[in-house]
Amino acid sequence: MSAMPTPADSSAEAGPSRAPPAAAPPVGAAGADGEAKKQPVVILCIGMAGSGKTTLLQRLNSHLHSKGSPPYILNLDPAVTHMPYSANIDIRDTVDYKEVMKQYNLGPNGGILTALNLFTTKFDQVLGYVEKRAETVDYILVDTPGQIEIFTWSASGAIITDAIASTLPTVVAYIIDTPRTTSPATFMSNMLYACSIMYKTRLPFLLVFNKIDVEPHDFALEWMTDFEAYQAALAGAGGGEDGESGYMNSLMGSMCLVLEEFYNNLKAVGVSAMTGQGMREFFAAVEESRKEWETDYKPELDRLAAERESKAADEKKKHLERLMKDMNMSDAPGAGAGAAARSRGGQMGEKGKGRGDNPFGPYARNEREDRYLDDEGSGTDEEEEDRIRRQEEDEEEAEHAEIFDSRDVPAADTAISYGSQL
Ligand SMILES: Nc1nc2c(ncn2[C@@H]2O[C@H](COP(=O)(O)OP(=O)(O)O)[C@@H](O)[C@H]2O)c(=O)[nH]1
Ligand SMILES: [Mg+2]
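For the protein, an unreviewed UniProt entry supplies the name GPN-loop GTPase and the organism Dioszegia hungarica. The record in UniProt for the protein states the following under Function (unreviewed entry): "Small GTPase required for proper nuclear import of RNA polymerase II (RNAPII). May act at an RNAP assembly step prior to nuclear import."

This is the structure:
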């Protein structure tokens, strides 16, 4: 991993957008409703691999440029090989996912996920850059990894989403490959996936039927609003004769009823990233979602943040109380000595080879312990005298027996030999 990128500012808007926020706000600003501090909307593009997230991002980028309101772009896909736009912050500047694969011995998906995890550890810096530019842009576009689950079901995806959403109004744009969703069963699985992401992120959600230049999305809108139309399509597609598709059809039919509530609360637009069709509807829906974020989501996010803060304060208080209690205990006779022994044990870790940080455990200091400590060269005067006396005795003994001639060993070695007795 190299250092974090400086804000790339490689896109065309770099120069003028450095101007102070008060001067000449960008033209075509959505939501320029006289707020004291203008906040841009973050559009988080999520979707299955190949649904057209990257292509759509480029389309949005060029549309916004043509309106005189260039967006700020974050690319979170470490594996993208061709990027049709230039991102202001690109994960690839920070992490090389192929290198990650090599170093951690991972496959492509593991490499992408690990690269995203590594990037997430620095996301506070990324947010810092984004916040600095927040007053000069109207939209912040975020591209996510090709494989949807890498972002939606990973801890780092959740951390990034939460971090962004608690800072700025955020909309999830769920991109759907319309031509590949014409089968009722595929449509249903896609809708279930969308539903799970919506409930997981708890953010304003926009279904974006992409590639309508190839397949108009009318069928999808009909299936979402008319249960019977969906049932008819199921019956037509299933061929009901073999048992499995019959079972599948009845399951899908029931699912459709379950999802009715989800459909009712959902905005859906059709776009073509290729031709630029549907851009006006897309931005109108984003604007609506932004208002929704302010009225419905922001208070909830604030409440959660306050809850988190008070929990953290409680934890801190508890820790402090525990610490105070421990300190009081250490004033009591005996306990202090034990604590001292424990802390010395920690210091002896290196010399006491293999005894760990706390060689004496929770027991009170005893004679053995004293001897052990003395040999570390930190005993009291009395003990020192005792040691010298014993040494003298030894020396005396040595005069009578040649075998003791070599007992003049350094203190540290003696300590080790005492240690092995413990
Ligand atoms: N016909 C058509 N093709 C599209 C459209 N959007 C994307 N594609 C194609 O779909 C493929 C996948 O697009 P990409 O943006 O890489 O998908 P991602 O994996 O979601 O980022 C590419 O070959 C695009 O050219 C569209 O609106 N219409
Ligand atoms: Mg992509």
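A. Geometry of the sheet that holds strand E6 (residues 205-210). Taken in spatial order, the seven strands line up as E3-E2-E4-E1-E5-E6-E7 in an open sheet, and their pairing is parallel. At either margin of the open sheet sits one strand with a lone partner, and together these are strand E3 (89-90) and strand E7 (267-270). Together, strand E1 (41-47), strand E2 (72-75), strand E4 (139-143), strand E5 (170-177) and E6 form the strand contacts of helix H1 (residues 53-66), whose direction differs from that of E4 by roughly 160°. Packed on one face of the sheet, helix H7 (residues 155-165) meets E1, E4 and E5 and runs near 160° to E1.

B. Structural detail: the site of ligand 1. Close to ligand 1 lie 14 residues, the nearest being Lys53, Thr54, Thr55, Asp213 and Ala273. A distance of 3.0 Å separates an oxygen atom of ligand 1 from a polar atom in the backbone of glycine 50. Lysine 53 is positioned with one of its backbone polar atoms (N or O) 2.8 Å from an oxygen atom of ligand 1. The protein chains hide 71% of the 580 Å² of surface that ligand 1 would expose on its own. In terms of residue count, H1 provides more of the shell around ligand 1 than any other element does, three residues in total. Class assignment of the residues belonging to the shell around ligand 1 gives a composition of four nonpolar, seven polar and three charged.

C. Spatial organisation of H1. Taking 1.5 Å of rise per residue, 14 residues should cover 20 Å, and H1 covers 20 Å from first to last C-alpha, within 8% of that figure. For H1, every residue scored as buried is listed here: Lys53, Thr54, Leu56, Leu57, Leu60, Asn61, His63 and Leu64. Once H1 finishes, glycine 68 follows within two positions and takes phi at roughly 75°, a positive value.

About the thresholds
- Numbers given to residues run from 1 along each chain, matching the order in which its sequence is written.
- Naming scheme: in the order in which they are written, chains are lettered from A and ligands are numbered from 1.
- The predicted origin of the model limits local features to residues at a pLDDT of at least 70 and limits the giving and counting of side-chain atom pairs to 80 or more, whereas totals for whole chains, interfaces and linings rest on all residues.
- Just so you know, side-chain values use all the structure's heavy atoms and leave hydrogens and water out.
- UniProt positions are given in the numbering used here, feature names are shortened, and annotations may be inferred rather than shown by experiment.
- Note on pairing: two strands pair once DSSP finds at least 2 bridges between them.
- Labels follow the DSSP assignment, with helices taken as runs of H or I lasting at least four residues and strands as runs of E lasting at least two, numbered in each case from the N terminus.
- Any two residues whose heavy atoms approach within 4.5 Å at even a single point are treated as in contact.
- As a rule, the C-alpha atoms of each element are fitted with a line to give its axis, helices using only the stretch in contact, and angles between N-to-C directions run from 0 to 180 degrees.
- We call a residue near a given molecule or strand whenever any one of its heavy atoms falls within 4 Å of it.
- By the criterion applied in these results, polar contacts are pairs of N or O atoms within 3.5 Å in which, for protein atoms, one can donate a hydrogen and the other can accept it, and in which residues neighboring in sequence qualify only through two side-chain atoms.
- Note on areas: Shrake-Rupley with a 1.4 Å probe; residue coverage comes only from the protein chains shown.
- Each residue is assigned to one class: nonpolar for Ala, Val, Leu, Ile, Met, Phe, Trp, Tyr, Cys and Pro, charged for Asp, Glu, Lys and Arg, and polar for all the others, Gly among them.
- For a helix, the expected span equals 1.5 Å multiplied by the residue count minus one.
- For the exposure calls, accessible area comes from a 1.4 Å probe over protein chains only, and a residue counts as buried if that area is under 20% of its type's maximum, exposed if over 50%, partly exposed in between.

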